[in-house]
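Working through the structure, step by step
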Amino acid sequence: MVLFTGLLRAEQPVAYSHKQHLALGLDCLDCHSTADTRAKATIPSVQKCMLCHAKVATDKPEVKKVAAYFNSKREIPWERVYGFPASALVKFQHAPHMRAKVACSTCHGDMTQAVAAQRVVNHTMGTCLSCHRQNRAPEDCTACHY
Ligand code: HEC
Ligand code: HEC
Ligand code: HEC
Ligand code: HEC
Ligand code: HEC
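Here the structure is a predicted model, which is why all the values come from computation and not from measurement.

Helix and strand counts for the protein chain stand at 8 helices and 0 strands. Secondary structure of the protein chain in N-to-C order comes out as α-α-α-α-α-α-α-α. Burial statistics for the protein chain: of 146 residues in total, 21% are counted as buried. The contacts in the protein chain between residues at least 6 apart in sequence include a share of 65% that link residues at least 24 apart. Accessible area for the protein chain stands at about 10,500 Å²; split by element, carbon and sulfur atoms hold 60% of it.

Right, dumping it as structure tokens:
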């Protein structure tokens, strides 16, 4: 596991804080709602933010930005943090890892202390394979590649 401390910080369009929202008692799956059932975890739609922010902290400048996206029927253009080059033809899937009880923090670090997500865990074929070997998970090429 390689640690990048801040080297790959994404510039996000809204100053959303994981730490602040998780302290409210929200669960990862409240926003990344298909991580336990599908390949993708998904980034929440601005509509989900507005379930609260239609009424909560509406005077705050960063929340006004959220409302402006919603009112102009646009999604917030979040910059992606994790991922692989398309050329690597990787098919990563969240659901089997959730079923096997691999914690989100194993692969994404402690988000309860994070503001915007940063790539604090570096995923390579080597890191995938070493955990698969330890857990007798599939090691054949077609498990992870198209
Ligand atoms: C209130 C909604 C909300 C909750 C709850 C939430 N997140 Fe997020 N998450 C977001 C938003 C919005 C983004 C996009 C901004 C960013 O990258 O920080 C994001 C981005 C991420 C990313 C980066 C995705 C990428 O590759 O671009 C990861 C990883 C992540 N969240 C993990 C978690 C984990 C783990 C938890 C629970 C401990 C969690 N999140 C809880 C809203 C949420
Ligand atoms: C075994 C490692 C692993 C675990 C466990 C894991 N992730 Fe991920 N996650 C990844 C990788 C790798 C990517 C990039 C995948 C890609 O782009 O194909 C990713 C991408 C994401 C993304 C952005 C893209 C998407 O899938 O929509 C979010 C959000 C995310 N993870 C949240 C979570 C949350 C929340 C949990 C726990 C419920 C979690 N992850 C558990 C490895 C993991
Ligand atoms: C469950 C309700 C809830 C959801 C869903 C929610 N928020 Fe929040 N958010 C809050 C609360 C409560 C605060 C703290 C307000 C305060 O301190 O006055 C907050 C604070 C914020 C702030 C900081 C405001 C400031 O400057 O102090 C931003 C920015 C923000 N939220 C953006 C988002 C975004 C973007 C989403 C969707 C991805 C989202 N929120 C989803 C309840 C929510
Ligand atoms: C911390 C351990 C761990 C890491 C890291 C990890 N995996 Fe896994 N993976 C597992 C476990 C455990 C399973 C479940 C095996 C089972 O269901 O028998 C699994 C299952 C899978 C599956 C489903 C395989 C199938 O055919 O059922 C895919 C695809 C996969 N992982 C891809 C990846 C990729 C790609 C990476 C790197 C980005 C990765 N994994 C990183 C532990 C890990
Ligand atoms: C457990 C998951 C996993 C398995 C099994 C796996 N790979 Fe990979 N492989 C990856 C991931 C993830 C990457 C992307 C790494 C990165 O971007 O740093 C990758 C990258 C590659 C690349 C580089 C592609 C590029 O253009 O960047 C090649 C070639 C490759 N794998 C071939 C194979 C072959 C051949 C096998 C079978 C012997 C195999 N892989 C098995 C996860 C896996």
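So, about the site of ligand 1. Around ligand 1, a shell composed of 20 residues is seen, among which His18, Cys28, Cys31, His32 and Tyr82 lie nearest. In this structure, a nitrogen atom belonging to ligand 1 sits 2.8 Å away from a side-chain N or O atom of His18. Measuring from an oxygen atom of ligand 1, one finds a backbone N or O atom of Val81 at 2.8 Å. A per-class count over the shell around ligand 1 returns 14 nonpolar, 4 polar and 2 charged.

At the metal site, the iron atom of ligand 3 is ligated by His21 (NE2) and His53 (NE2), and these contacts range over 1.9 to 2.0 Å. Coordination at the iron atom of ligand 3 is octahedral: its 6 donor atoms span angles of 88 to 180° at the metal. Taken together, the residues span a long stretch of sequence, with His21 in helix α1 (residues 18-22) and His53 in helix α3 (residues 46-53) at a distance of 32 residues. Among the residues examined, His21 registers a relative accessible area of 18% and is labelled buried. Using a relative accessible area of 15% as the deciding quantity, one classes His53 as buried.

This part is about the environment of Gly126. Locating Gly126 in the fold gives a position in helix α7 (residues 125-134). Residue Gly126 is classed as partly exposed on the basis of its relative accessible area of 46%. Separated by 27 residues in the primary sequence, Gly126 and Arg99 place their C-alpha atoms 22 Å from one another.

The next point concerns the coordination of the iron atom of ligand 2. Taken together, the protein donors to the iron atom of ligand 2 comprise His94 (NE2) and His108 (NE2), at separations of 2.0 to 2.1 Å. Because the angles between the 6 donor atoms bound to the iron atom of ligand 2 fall within 86 to 179°, the donor set is best described as octahedral. Of this pair, His94 sits in the loop between α4 (61-71) and α5 (95-99) while His108 sits in helix α6 (residues 104-108), and the two are 14 residues apart along the sequence. His94 gets classed as buried once you look at its relative accessible area, which sits at 18%. A relative accessible area of 23% means that His108 is categorised as partly exposed.

Right, let's get into α3. Burial in α3 covers these residues: Val46, Met50 and His53. Along the long axis of α3, the arc covered by the buried residues comes to 70°, so they all point the same way. Projecting away from the buried face of α3 at angles above 90 degrees are the exposed residues Gln47 and Leu51. The opening residue of α3, the one whose side-chain oxygen lies 3.0 Å from the backbone nitrogen of Gln47, is Ser45.

How each quantity is defined
Starting from 1, residues in each chain are numbered consecutively following that chain's sequence as written. To label them, take the chains in the order written and letter them from A, then take the ligands in the order written and number them from 1. The model is predicted, so local features are restricted to residues of pLDDT at least 70 and side-chain atom pairs to those at 80 or more, both for listing and for counting; the totals for chains, interfaces and linings are taken over all residues. Calculated side-chain values reflect all of the structure's heavy atoms, with hydrogen atoms and water omitted. Think of it this way: any DSSP run of H or I at least four residues long counts as a helix, any run of E at least two long counts as a strand, and we number them from the N terminus. Per-residue accessibility, obtained with a 1.4 Å probe over protein chains only, is compared with the maximum for each type, and a residue is labelled buried under 20%, exposed over 50%, and partly exposed between these values. Should any heavy atoms of two residues lie within 4.5 Å, those residues are considered in contact. Here the open area of atoms and residues is found with the Shrake-Rupley method and a 1.4 Å probe, where only the protein chains shown may cover a residue. Being near a molecule or strand, for a residue, means having at least one of its heavy atoms within 4 Å of it. Counting of polar contacts relies on pairs of N or O atoms within 3.5 Å, with two restrictions inside protein: one atom must be capable of donating a hydrogen and the other of accepting it, and residues adjacent in sequence are counted only when both atoms are side-chain atoms. When residues are sorted by character, Ala, Val, Leu, Ile, Met, Phe, Trp, Tyr, Cys and Pro go into the nonpolar class, Asp, Glu, Lys and Arg into the charged class, and all the rest, Gly among them, into the polar class. Each metal's donors are the N, O and S atoms within 2.8 Å of it, or within 3.2 Å when it is Na, K or Ca, and because water is not part of the set, sites may look incomplete. When four donors show all angles between 85 and 135 degrees the site is tetrahedral, when four or six donors have opposite pairs over 155 degrees and all other angles between 65 and 115 it is square planar or octahedral respectively, and in every other case it is irregular. The directions considered for the arc run from the helix axis to the C-beta atoms.

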